[in-house]
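# Descriptive analysis of the structure
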Amino acid sequence: MAVSNTIDLWTLYIAAIIGIGNVSLLLVLFKIYWQNYREIKSKFNLGLLFFAAFLILQSVFLAVSIVFHGGFNRGTGVILIINNAILFAALSILLKITW
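Residues numbered from 1 in each chain as written. Predicted model: local features only at pLDDT ≥ 70, side-chain atom pairs only at ≥ 80, totals over all residues. Heavy atoms only, no water.

As a further point, take the environment of Ala 15. As for its position among the elements, Ala 15 is in helix H1 (residues 2-40). In this structure Ala 15 comes out as buried when scored by relative accessible area, which is 0%. Ala 15 sits 48 residues away from Ala 63 along the chain, and the two C-alpha atoms are 7.8 Å apart. Those residues in contact with Ala 15 that sit more than four places away from it in its chain are Ile 66, Gly 77, Leu 80, Ile 81 and Asn 84. (Helix = DSSP H or I, 4+ residues; strand = E, 2+ residues; numbered from the N terminus. Buried < 20%, exposed > 50% of the residue type's maximum accessible area, 1.4 Å probe, protein only. Contact = heavy atoms within 4.5 Å.)

Positionally, Asn 22 belongs in helix H1. Classification of Asn 22 as buried rests on a relative accessible area of 0%. What Asn 22 contacts, discounting residues up to four positions off in sequence, is Ser 59, Asn 84, Leu 87, Phe 88 and Leu 91.

What follows concerns a nonpolar patch on the surface. Taken together, the side chains of Leu 46, Phe 50, Phe 54, Leu 57 and Phe 61 make up a nonpolar region of the molecular surface, amounting to roughly 550 Å² of accessible area. Looking at where Leu 46 falls in the secondary structure, it is placed in helix H2 (residues 43-69). (Patch = residues over 30% accessible without salt bridge, like charges linked within 9 Å, V, L, I, M, F, W, Y side chains within 5 Å. Areas by Shrake-Rupley, 256 points an atom, 1.4 Å probe, with all protein chains shown as cover. Salt bridge = Lys/Arg side-chain N within 4 Å of Asp/Glu carboxyl O.)

In the predicted model, the protein chain carries a mean pLDDT of 82, and 88% of its residues have values of at least 70. Within the protein chain, no element has a lower average pLDDT than H2, which sits at 82, and none a higher one than helix H3 (residues 77-98), at 85. (pLDDT = per-residue confidence, 0-100.)

With that out of the way, let us pick up the packing of aromatic side chains. Within the structure shown, the criterion is met by two aromatic pairs. Ring geometry for Trp 10 against Tyr 13: centres 6.3 Å apart, planes inclined by 90 degrees, an arrangement best described as edge-to-face. Here Trp 10 pairs with Tyr 13, and both are found in helix H1, just three residues apart, close to one helical turn. According to the relative accessible area criterion, Trp 10 is exposed, its value standing at 53%. Summarising the aromatic geometry, the rings of Trp 34 and Tyr 37 are spaced 6.2 Å apart at their centres and angled 35 degrees between planes, so their arrangement reads as tilted. Residue Trp 34 and its partner Tyr 37 are both found in helix H1; the two are separated by three residues, about one turn of the helix. The class of Trp 34 is partly exposed, set by a relative accessible area of 40%. (Phe/Tyr/Trp six-rings, centres within 6.5 Å; stacked < 30°, edge-to-face > 60°.)

Moving on to unusual backbone geometry. Note: most peptide bonds trans; most residues except glycine with negative phi. With phi around 60 degrees, Lys 41 is a residue other than glycine that occupies positive phi space. Tracing the backbone through its elements, the reader meets Lys 41 in the loop between H1 and H2. Looking at Lys 41, the relative accessible area reads 56%, which means it is exposed.

With that settled, consider the nonpolar core. The tendency in soluble globular proteins is for nonpolar side chains to be buried as a group. Counting residues in hydrophobic clusters, the biggest one holds 13 residues, and the most contacted among them are Leu 25, Leu 26, Leu 29, Tyr 33, Leu 55, Leu 91 and Leu 95. Membership of the second largest hydrophobic core comes to eight residues, among which are Leu 12, Ala 15, Ala 16 and Leu 80. (Core = buried A, V, L, I, M, F, W, Y, C linked by side-chain atoms within 4.5 Å.)

In structure tokens:
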């Protein structure tokens, strides 16, 4: 029983760390989009700013939920790791093609 609780706890911590990485990538993207919007003033760049802002909010709330509330239910740590890892990969690709 204690091993299961320890594994659940570690998976939640790993998910939170990946979530913090997602927030970091989003902040870099937001900065790039803001600089582009200041130069170009296009609706597309404004849309990218809103997109990044909402994803930042989502990632922050998810990471805070994981850290302070222990996730959602027992056994959700692996699902959160997979979700955050997929988001991290997608944001890394987006950052690579944006930069």
